[in-house]
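Residues per chain, in single letters:
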Amino acid sequence: MNRVFALISALFLMTVGANAAPVTVDLTRGGDLSVSGGVGTFDVDGISGRVTAHNSWWTHASVAQRTDGIGVRSGRWDDTAQLDGLVNEWLSVAFDSAVRLMSVTFSHVDGNDDWDIYVDYTRIADESNANPFRFGDRIAHSFSVLADGHSCYGWHCYSTDNFLISSFTVAPVPLPASALLLIGGLAGFGVMRRRKQQQLA
């Protein structure tokens, strides 16, 4: 019986310990993101998912990857490959399973740049310039970064938001306590069955 409880304790510690380690996903060219057909995918230390690009106009949006991070390319006339506020471009990161969001880091940032941050489609930051932006350990399945800053003089408009996302850091969500109790309960039933078989023999 003592061996069973020792095994359960060891499994618990290994599960919590393994899942607690933060994972940083490098989005720069040559990093952890593979871009194909305008969509990015990643799989780093058990953290996997995809990155998709969007804009508020009618043009096609795709993930654009540079040596210092990722942005959005909105149609063939968009040559900046950054997140531009002129057409309200945004990048969405969706995970294959829930994660603990920790931070997202930006590059190619100047004094005019700021971003809106959404977690599971709910805006949690409006016009933030925190770099890195810290999520406060939120558990979620996705987050998005939006650029929407622009200025117009007459008919001439230009983007004031022009930046890239270079990386993000998340951590796996530990196995819930209920699942650990289930494992313990199953182990207990196994011990009881074994004792019963020994008594019958």
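A few words now on the packing of aromatic side chains. Any aromatic ring pair is given by two values, namely how distant the centres are and how the planes are angled relative to each other. Counted according to the given criterion, the structure contains 10 aromatic pairs. Here Phe42 and Phe168 contribute two aromatic rings whose centre-to-centre distance is 5.5 Å and whose plane-to-plane angle is 75°, an arrangement assigned as edge-to-face. Placement of the pair is Phe42 in strand β3 (residues 39-44) and Phe168 in strand β14 (residues 162-172), with a sequence separation of 126 residues. Accessibility assignment for this pair places Phe42 and Phe168 in one class, buried. Ring centres of Phe133 and Phe135 lie 5.4 Å apart, and the angle between their planes is 85°; on these two criteria the pair is classed as edge-to-face. Grouped by ring-pair contacts, the aromatic residues Phe42, Phe95, Phe133, Phe135, Phe143 and Phe168 constitute a single cluster.

A few words on the confidence of the model for the chain. When the pLDDT values of the chain are averaged, the result is 84; 77% of them are 70 or greater. Confidence drops under a pLDDT of 50 for residues 12-19, and excluding neighbours within four residues, the segment shows seven contacts in the predicted structure.

Bringing the nonpolar core into the picture now. With 35 residues, the main nonpolar core has Phe95, Phe143 and Phe168 as its most contacted residues. If we ignore the near neighbours within four places in the chain, the residues touching Phe143 are Leu91, Ser92, Val93, Phe95, Leu101, Val104, Tyr118, Val119, Phe135 and Phe168.

Relative to the helices and strands, Asp84 is located in strand β7 (residues 83-84). Among buried charged residues, Asp84 stands out as having no salt bridge; its nearest opposite-charge side chain is Arg66, 8.4 Å away. With residues up to four places along the chain from it excluded, the contact list for Asp84 reads Asp78, Glu89, Ala147, Ser159, Asp161 and Asn162.

All right, on to a negative patch on the surface then. A surface patch of like charges, here negative, comprises Asp32, Asp43, Asp45 and Asp96. Mapped onto the elements, Asp96 comes out in strand β8 (residues 90-107).

The next point concerns the environment of Leu27. Turning to its location among the elements, Leu27 is positioned in the loop between β1 (23-26) and β2 (34-36). Classification of Leu27 by relative accessible area gives buried; the value is 1%. In this view, Leu27 contacts Leu33, Gln65, Gly69, Ile70, Ile165, Ser166, Ser167 and Phe168; residues no more than four positions away in its chain are not counted.

For the structure on display, the rule yields three salt bridges. One salt bridge in this structure joins Asp116 and Arg123, with 3.8 Å as the shortest N-O distance. Across the pair Asp126 and Arg123 runs a salt bridge whose closest N-O atoms are separated by 3.8 Å. Under the relative-accessibility criterion, Asp126 is labelled partly exposed at 46%. Bridged by salt links that share partners, the residues Asp116, Arg123 and Asp126 form one connected network.

Procedures and definitions
- Per chain, residues are indexed from 1 in the order of the written sequence.
- Only residues with pLDDT of at least 70 get local features here, since the model is predicted, and only at 80 or more are side-chain atom pairs given and counted; chain-wide, interface and lining totals rely on the full set of residues.
- Calculated side-chain values reflect all of the structure's heavy atoms, with hydrogen atoms and water omitted.
- Only rings of Phe, Tyr and Trp enter the pairing, Trp through its six-membered ring, and a pair is recorded when the two centres are within 6.5 Å. The plane angle decides the type: under 30 degrees is stacked, over 60 is edge-to-face, the rest tilted.
- Here a strand is any run of E in DSSP of at least two residues, a helix any run of H or I of at least four, and the numbering for each starts at the N terminus.
- Only protein chains enter the area calculation, which uses a 1.4 Å probe; residues under 20% of their type maximum are buried, those over 50% are exposed, and those in between are partly exposed.
- Confidence scores here are pLDDT values: one per residue, from the predictor, ranging 0 to 100.
- In this description, contact between two residues means that some pair of their heavy atoms is separated by no more than 4.5 Å.
- In plain words, nonpolar cores are sets of buried Ala, Val, Leu, Ile, Met, Phe, Trp, Tyr and Cys residues tied together by side-chain atoms within 4.5 Å.
- Only four residue types enter the charge count, namely Lys and Arg as positive and Asp and Glu as negative; His and the chain termini do not.
- In the sections that follow, a salt bridge refers to a side-chain nitrogen of Lys or Arg positioned within 4 Å of a carboxyl oxygen of Asp or Glu.
- Patches here are clusters of residues that have more than 30% relative accessible area and form no salt bridge, with a 9 Å joining cutoff for like charges and a 5 Å cutoff for nonpolar side chains (Val, Leu, Ile, Met, Phe, Trp, Tyr).
- Per-residue and other accessible areas were derived by the Shrake-Rupley procedure at a 1.4 Å probe size, with only the shown protein chains allowed to occlude residues.
- Think of each charge as sitting on NZ of Lys, CZ of Arg, CG of Asp or CD of Glu.

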